[in-house]
Amino acid sequence: MNNALRASARWEAGLVAVLVILIIVSSSVSPQFLTGNNLFNVGLSNGEIAIMTLPMTLIIISGEIDLSVASILGMASALLGVLWSKGLPMPAIFVIVAVVGLAAGAVNGLLVTRLRLPSLAVTIGTLALYRGIATILLGPNTVANFPTAYTNLGVQGVPFTGNDVTYSTLIFVILAIIFGVALHATPFGRSIYAMGASPEAAQFAGIRVKRIKTILFMISGLICSLAGVLWTFRLDTAVQNNGLGLELDVVAIVLLAGVSIFGGKGSIIGVVLAVLVFAGIQNALLLTNFNQEATGIVTGALLLASVFLPNAGRWVRSLSRI
Amino acid sequence: MDNAAASQPGPRQEAGDGRLMLALRHAAKSFGAVRALVDGAVELRAGEVHALLGENGAGKSTLVKILAGVYQPDSGTLEVAGREVALHGPAAARAAGIAVIYQEPTLFPDLTVAENMFIGRQPLRSGRRIDRRAMHDEAAAVFKRLGVPLDPARIARGLSIADQQVVEIGKALSLDARVIVMDEPTAALSAAETGRLFDVIRTLRGQGTAVLFISHRLEEVFEICEQVTVMRDGSHVLTSPLAGLTAADLVRAMVGRELAERPPEAGAATPGEPVLIVERLTREGVFTDISLTVRAGEIVALAGLVGSGRSEVARSVFGIDRYDAGSVTVRGRDLRRASPTTAMSAGIGFVPEDRRQQGLVMDMSVQQNVALASLGRLRSGGLIRASAERAMATDWAARLKIKYGRLTDPVAMLSGGNQQKVVLAKWLGRKPAVLIVDEPTRGIDVATKAEVHHLLADLAKDGVGVLMISSELPEVLSVSDRILVMREGRLVAEFSHADASEEAVMSAAMGQQVAT
Amino acid sequence: MRSTLIPRRQQRPGRGPADSGRRTGGAALAERVFRIRESSIVVVLAVFVAVTASVQPRFLSETNIQFVLIDTTVFALLALGETMVVISRNVDLSVGSVLGLSAYASSNLFGSHPGIPIPLVFLTGLGIGLACGVVNGIMVAAGRVPSLVVTLATLYIIRGIDILLFSGKQVVEAELPSAFLQIPKSTIAGIPDLAIAVAVVIGIGAYYLRTYRSGRDLYAIGSNPEAARLAGIPVGRRVFTAFAVSGAIAGVAGVLWAAQYGTIDSSAGTGYELQVISAVVVGGVAIFGGSGSVVGAALGALLLSTITTALYVLGISPFWDQAIWGFLLILAITLDQTITVRLTSALRQRRTRHE
């Protein structure tokens, strides 16, 4: 097997192990853990984040990063609220929100590819800009009372799965399959790996690096807008700080999945597993009445484990090097 | 030292007392199952320029890294100035007086030249504060000794590779290095810059420094070195003064067999239709008014000094860089608004100068690299067919005799020559009508070099038009049907295979008379 | 054997090393440009202040100026530590969390240990910050792991600890001694003491980075990490120190923050890391390391504070703040990039003209 494949398979095996341990420990501590109802809630609270990890994965593999994802979510939510309160029909709103998402991603893409700005710095700027636009749109206001037909999408299960699978989970699964196939089995996906591993060589092989990166940012914008819509319907609230701070969760999950922050390495299977681990931990802590806001400790610890464990031996030896 | 000596070929200047500065004996080094060095040995004397030759994989770079203190040998001894030393790291090597100048100098682009030289050991004044004036003056003094006008206050960003090397040499001198190892120093230099480097080396020799000179270019070895050590398969096989040896002797020692030195007779085939027509191509400040034609079945060499703009022309033809005026036509099709995609679909292939950064994705496997430019062809229903990809890689690996472990190994594991073959396979797999190769055999061992030359000749026989950019005159003369010479961004001369000679090409490239 | 050549004279008359006292060529150009980077911030600042003051003279009132200066102090301090880290091609995302933990834990001491001397509280804050910085430093330096990942993790962990220990509770102004709350308010000749003190600290930091070997080492590490290792620079030690200092500074900044705001809970400092990085980038520090100055970063922090205050004074709805700030950040990055690109090509062309 390919060296790279073997390395990522090891990582994924590790994640599976963590997941299995998590399930065993959690269900022994709390018998509710594996109930359909609980799994539904897990899907509910993590669906949007899960969805956002998919385009983020592609972007990081290509060698960039997008920190504006949560702000695009917020902007989409604000736009949805404002347009709805002005009386536009929902289908039209969906189209507008999608277009704005694509545009926001395009701005990111153009700043990075045309102006050659480092994506870390630029998306910190657009993080502020898009959140700022959300604030301008809504001001201090909150829009609520969306039609139940739509808010149900946020809180109910998909009918033919016995009401245990949320719409957002379903969307995540479908998107994961699409992204997975695209990344691992198409020339498009191969190009993403190439440009992340070796940007010049990719260019010299005729890969249209700029165009693909812009497309990736636009996809991210579109997906994050979708996440914003789902989020708004789930909470039945559009307010300017929807999704504040989520970008770090998304990046954390992608890193946990074994995607290298330097680009060129990673897999969708890993991302799916990492999402499950993340969601599982949040849920386990919830069931054991751990302070929800402090679950970050576990995310942080997992992140550290994800970078240190693979090199544990080497790390101990290098402590002497300081 | 006087400059008159600079124009004599291969003098034996016995400056310095010739005492033994460094002796490495019976060094061995293995990495897991790979025995990189089996019996490495070299002796350097003061005031001597000593060549180290060997094919890729012969153990040269491992030996150099042992001298640099980066590796510790598994067995063997190292003596410096008569005392046995064990070098535990680069700092120990430096303290012992050994300096290594690598092929790609590693400077700090954001720091000044003076800071680059003195980083970590800047001269201090009261209170352990850096004395910038003293640092600047010391750096200036070193450059004066070397006879090179470099401004120590200038930041390193933007320096040419030749200048970067001078900074590295200056750093070595300021460290009182008694042994300077130069690993392929001329690989990226123009003839003028090489000449200047050789002057510097002669100055060093005159001061009693021992220089270990590693190169694949035999003509340079004969020009500047007095002694030679040849390595093969991890062991040293020959140590001798160069006087009395011929290039053939050296090659035989390196390869262990006779090599057919010349590829099949170039210039014999009758070329067909023009496949690449470049007309009045101009890029402001880089190259001007370039017009050339490459016909099917012919190999056209583009010669000239480094910096004359040849690679830039190639990049513009291929669409990586834009151009400001002129046109590029491939098989009758005008390429406007060039991009690599349009160039490739028109039938151009481009083997770039920098194998590791531009030619290959080092993290990807051999198979993936071979397929990288052909992904569109290998897919069905939008997905890449793994079996087709594997078949393509296997096929080309056999055709080009690429040596690899498994097709799924990262291409970084291959030797330089085999890596270059992978790059070629990538492009040949597209059956290009025009193949542009930029420095096709740079950093490649002698045997693979010959294979690549034969390959290019075979391609031409099959009707491909080859545009070869090269700075190695023997290669230019032996492989090509026609030679174009560029100087400072313009085409200045054209020679047919019959008319060309090293002197003629070199004088056109330099724009001045040459003394013989 | 190759025919030899008569080498072309490469020296122009008078352009030898002896002339380098004249600071010719690449040196002068580079120096000029780098001074431009800092002076451009000053220019933008001046323009901003001038425009705002002409529309709304109230902007230049003593209270407003004091407000801007005080508001800047915390960020300028954070920017100092962050700059040291960024110069070495790293990033410290945990500063906001460290600030928050320090702010609460130290100010809480006034309630739990009444009569505690104020310097001791500062020392506690410093200690907390230092401990966090040391942990970061060990992991990044020894582990050779991307600092983005490590400090993202500690951002989470430290915030989580903060919440675990202190969530739901609050330190209110009434609990804090008036001497403590007075610290941001006391002035000399109208200029807040604190601003002067921080300016001095920044000056010391700038001097250190320019004049001491270990400071220059940080630039080398950021400019070319591999070369730094090969050159024998103790990369691990320097990077560790940078993170330790950054943490310690964030700890002190936390105490100052508490003195300024008076009411502290476990959410203090949330989101500050991105603001600090913005200030640093606006201030001309390259995000990939190797160049930039703490003075520039501090000016960047000052500029961002000024803009926020100016918008408020101009009566622009505060809801526009963030969007404008984001836009300006993008502008600053673009400007910075353009300057670097122009500089590099100018340096290259200078080289070819001399050959």
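Residues numbered from 1 in each chain as written. Chains lettered and ligands numbered in written order. Predicted model: local features only at pLDDT ≥ 70, side-chain atom pairs only at ≥ 80, totals over all residues.

## Overview of the confidence of the model for chain B
Residues and elements named next belong to chain B.
Move 1: Looking at chain B as a whole, its pLDDT mean stands at 86, while 91% of the residues score no less than 70.
Move 2: Here helix H17 (residues 502-510) stands out as the least confident element of chain B, with mean pLDDT 75; strand S16 (residues 348-351) is the most confident, with 96.
Move 3: Note that residues 1-16 has pLDDT below 50 and, in this model, 27 contacts with residues that lie over four places away or in other chains.
Move 4: For this predicted complex, the interface score ipTM comes out at 0.85, while the overall pTM is 0.82. (pLDDT = per-residue confidence, 0-100. Helix = DSSP H or I, 4+ residues; strand = E, 2+ residues; numbered from the N terminus. Contact = placed C-beta atoms within 7 Å.)

## Re the packing of helix H5 (residues 119-138) of chain A against helix H11 (residues 272-282) of chain C
Move 1: As a packed pair, H5(A) and H11(C) sit with axes 10 Å apart at the nearest point and diverge in direction by 120°. Taken as axis vectors, H5(A) and H11(C) run oblique relative to one another. For the crossing formed where H5(A) meets H11(C), the hand is left-handed. Each of Ala121(A), Ile124(A) and Leu127(A) in H5(A) lies in contact with H11(C), whose residues at this interface are Leu274(C), Ile277(C), Ser278(C) and Val281(C).
Move 2: Here the contact of H5(A) with H11(C) is composed, by residue class, of six nonpolar, one polar and no charged. (Axes fitted to C-alpha atoms, helices over the stretch in contact; angles between N-to-C directions. Parallel < 35°, antiparallel > 145°, perpendicular 65-115°, else oblique. Left-handed = near helix turned anticlockwise from the far one by under 90°. Nonpolar A, V, L, I, M, F, W, Y, C, P; charged D, E, K, R; others polar.)

## Observations regarding the sheet that holds strand S11 (residues 274-283) of chain B
For sheets, the rule is that strands pair by backbone hydrogen bonds, running either parallel or antiparallel.
Residues and elements named next belong to chain B.
Move 1: Strand order in the open sheet formed by four strands is S12-S11-S14-S15, with antiparallel pairing between adjacent strands. Two strands bound the open sheet, and with one partner strand each, they are strand S12 (287-295) and strand S15 (333-334).
Move 2: Where S11 lies against strand S14 (residues 325-330), five bridges are found, and the strand directions are antiparallel. Its bridge partner lying in S14, Val278 is registered against Val328.
Move 3: Helix-sheet contacts for helix H9 (residues 310-318) involve S11, S12 and S14, and the interaxial angle to S11 is about 110°. (Pairing = 2+ DSSP bridges.)

## Here we look at unusual backbone geometry
All names here are of chain A.
Move 1: The phi torsion at Asp236 lies on the positive side, around 55°, for a residue other than glycine.
Move 2: Tracing the sequence through the fold places Asp236 in the loop between helix H10 (209-235) and strand S2 (237-238).
Move 3: When the 15 C-beta atoms within 10 Å are taken as the criterion, Asp236 is described as partly exposed. (Buried ≥ 20, exposed ≤ 12 C-beta atoms within 10 Å, placed from the backbone.)

## Focus on the interface of chain A and chain B
By convention, interface size is frequently given as the accessible area that disappears when the constituent parts associate.
Move 1: Taken together, the contact pairs 19 residues of chain A with 26 residues of chain B.
Move 2: Its residues placed into classes, the side of chain A that touches chain B shows nine nonpolar, seven polar and three charged.

## As for the sheet that holds strand S13 (residues 299-304) of chain B
Residues and elements named next belong to chain B.
Move 1: Read across the sheet, six strands follow the order S16-S19-S20-S13-S21-S22 without closing on themselves; strand pairing throughout is mixed. Each edge of the open sheet carries a strand with a single partner, namely S16 and strand S22 (490-496). Pairs of neighbouring strands in the sheet enclose a mean axial angle of 20°, with direction left out of account.
Move 2: Running over the sheet, H9 touches S13, S16, strand S19 (434-438), strand S20 (465-469) and strand S21 (482-487) and is turned about 145° from S19.

## Points about the packing of helix H8 (residues 213-223) of chain C against helix H10 (residues 235-261) of chain C
All names here are of chain C.
Move 1: Relative orientation of the contacting elements H8 and H10 amounts to 100°, with a least axis distance of 10 Å. With respect to their mutual orientation, H8 and H10 come out roughly perpendicular. Judged by residue contacts, Ser214, Asp217, Leu218 and Ile221 of H8 engage Val235, Arg238, Val239 and Ala242 from H10.
Move 2: Counted by class, the contact of H8 with H10 contains five nonpolar, one polar and two charged residues.

## Examining the environment of Ile324(C)
Move 1: Structurally, the position occupied by Ile324(C) is in helix H13 (residues 321-354).
Move 2: Measuring from C-alpha to C-alpha, the distance between Ile324(C) and Ile87(C) comes to 27 Å, with 237 residues separating the pair along the chain.
Move 3: Every residue in contact with Ile324(C), bar those within four places of it in the chain, is listed here: Gly132(A), Ile307(C) and Leu311(C).

## Thoughts on the nonpolar core
Move 1: By size, the foremost hydrophobic cluster in this structure holds 385 residues, and its most contacted members are Ala194(A), Ile98(B), Met468(B), Val505(B), Leu78(C), Ala79(C) and Ala298(C).
Move 2: Counting residues per element, this core draws most heavily on H10(C), at 17 residues.
Move 3: Residues in contact with Ala194(A), not counting those within four places in the same chain, are Ala201(A), Ala202(A), Ala205(A), Ile207(A), Val361(B), Met364(B) and Leu372(B). (Core = buried A, V, L, I, M, F, W, Y, C linked by C-beta atoms within 7 Å.)

## Considerations on the pairing of S13(B)
Residues and elements named next belong to chain B.
Move 1: Counting buried positions along S13 yields six of six residues, so the element is predominantly enclosed.
Move 2: Burial along S13 is two-sided: the face carrying Ile299, Ala301 and Ala303 and the face carrying Val300, Leu302 and Gly304 are both buried.
Move 3: In this structure, S13 lies alongside S20, joined through four bridges in parallel fashion. Within S20, the position partnered with Ala301 by the bridge is Met468.
Move 4: Across five bridges, S13 lies against S21 in parallel orientation. Note on S21: the bridge partner recorded for Ala303 is Val485.

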